[in-house]
Amino acid sequence: MHELAIAHSLLEAVRAQAGRRPGSRIVKVGVKVGELAGVDPEALSFSFEALVQESELAPLTLDIERCPRRQRCPHCQSVFVVEGYDLACPGCGVRETQCIGGDELDLAYLEVEES
């Protein structure tokens, strides 16, 4: 379960940022997870909660934004969200489209309370 390793890396990033902000407390961390990233959001959430529960960061929470697969048509430049497995452009019907999103795994933001 690599989600546990990802959750651990997120907490290390939070600790590093907390060290740069003495006197403040990080209360929420937001991540973007693309459907092609190979990460199970529920497993990531469970792993994160398990690691935070017994740490100095409790009650830190995790907000996961799920990102759909997006394609761009090289013919008409249309950008669209893939439904099912149909990669054809809904605008012009071209089948050879380019993946431009959905593989994200990004630390998006930290919510900080200043003292």
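Please read these numbers as outputs of a predicted model, since none were measured by experiment.

(A) Quick look at the pattern of salt bridges. Following the criterion strictly, the structure yields six salt bridges and no others. A salt bridge links Arg 15 to Glu 12; its shortest N-O distance comes to 3.1 Å. Highlighted residues: Arg 15 and Glu 12, both in helix α1 (residues 2-19), separated by three residues, approximately one helical turn. Its salt-bridge partner being Glu 113, residue Arg 25 comes within 3.3 Å of it at the nearest N-O pair. Here Arg 25 is found in strand β1 (residues 24-34), whereas its partner Glu 113 is found in strand β6 (residues 105-114), with 88 residues between them in sequence. Residue Glu 113 is classed as partly exposed on the basis of its relative accessible area, which comes to 41%. Through salt bridges that share partners, Glu 12, Arg 15 and Glu 56 make up one connected network.

(B) Here's a closer look at the sheet that holds β1. Read across the open sheet, the three strands follow the order β2-β1-β6; overall the sheet is mixed. Two strands close off the open sheet at either side, each with one partner strand: β2 (61-67) and β6. Each strand axis lies, on average, 20 degrees off the axis of its neighbour in the sheet, ignoring direction. Two elements, β1 and β2, share seven bridges in a ladder whose sense is parallel. Looking at the pairing, Val 29 lines up with Leu 62 of β2. Contacting β1 and β2, helix α2 (residues 41-53) crosses the sheet at an angle of about 165 degrees to β2.

(C) Highlighting the side chain of Thr 97. Tracing the chain through its elements places Thr 97 in the loop between β4 (79-81) and β5 (98-101). A distance of 2.6 Å separates the side chain of Thr 97 from the backbone oxygen of Leu 87, its partner in a polar contact. With near-sequence residues (within four places) excluded, Thr 97 lies in contact with Gln 71, Arg 72, Cys 73, Pro 74, Phe 80, Leu 87 and Cys 89.

What counts and how
Residues numbered from 1 in each chain as written. Predicted model: local features only at pLDDT ≥ 70, side-chain atom pairs only at ≥ 80, totals over all residues. Heavy atoms only, no water. Salt bridge = Lys/Arg side-chain N within 4 Å of Asp/Glu carboxyl O. Helix = DSSP H or I, 4+ residues; strand = E, 2+ residues; numbered from the N terminus. Buried < 20%, exposed > 50% of the residue type's maximum accessible area, 1.4 Å probe, protein only. Pairing = 2+ DSSP bridges. Axes fitted to C-alpha atoms, helices over the stretch in contact; angles between N-to-C directions. Contact = heavy atoms within 4.5 Å. Polar contact = N/O pair within 3.5 Å; in protein donor to acceptor, adjacent residues only side chain to side chain.

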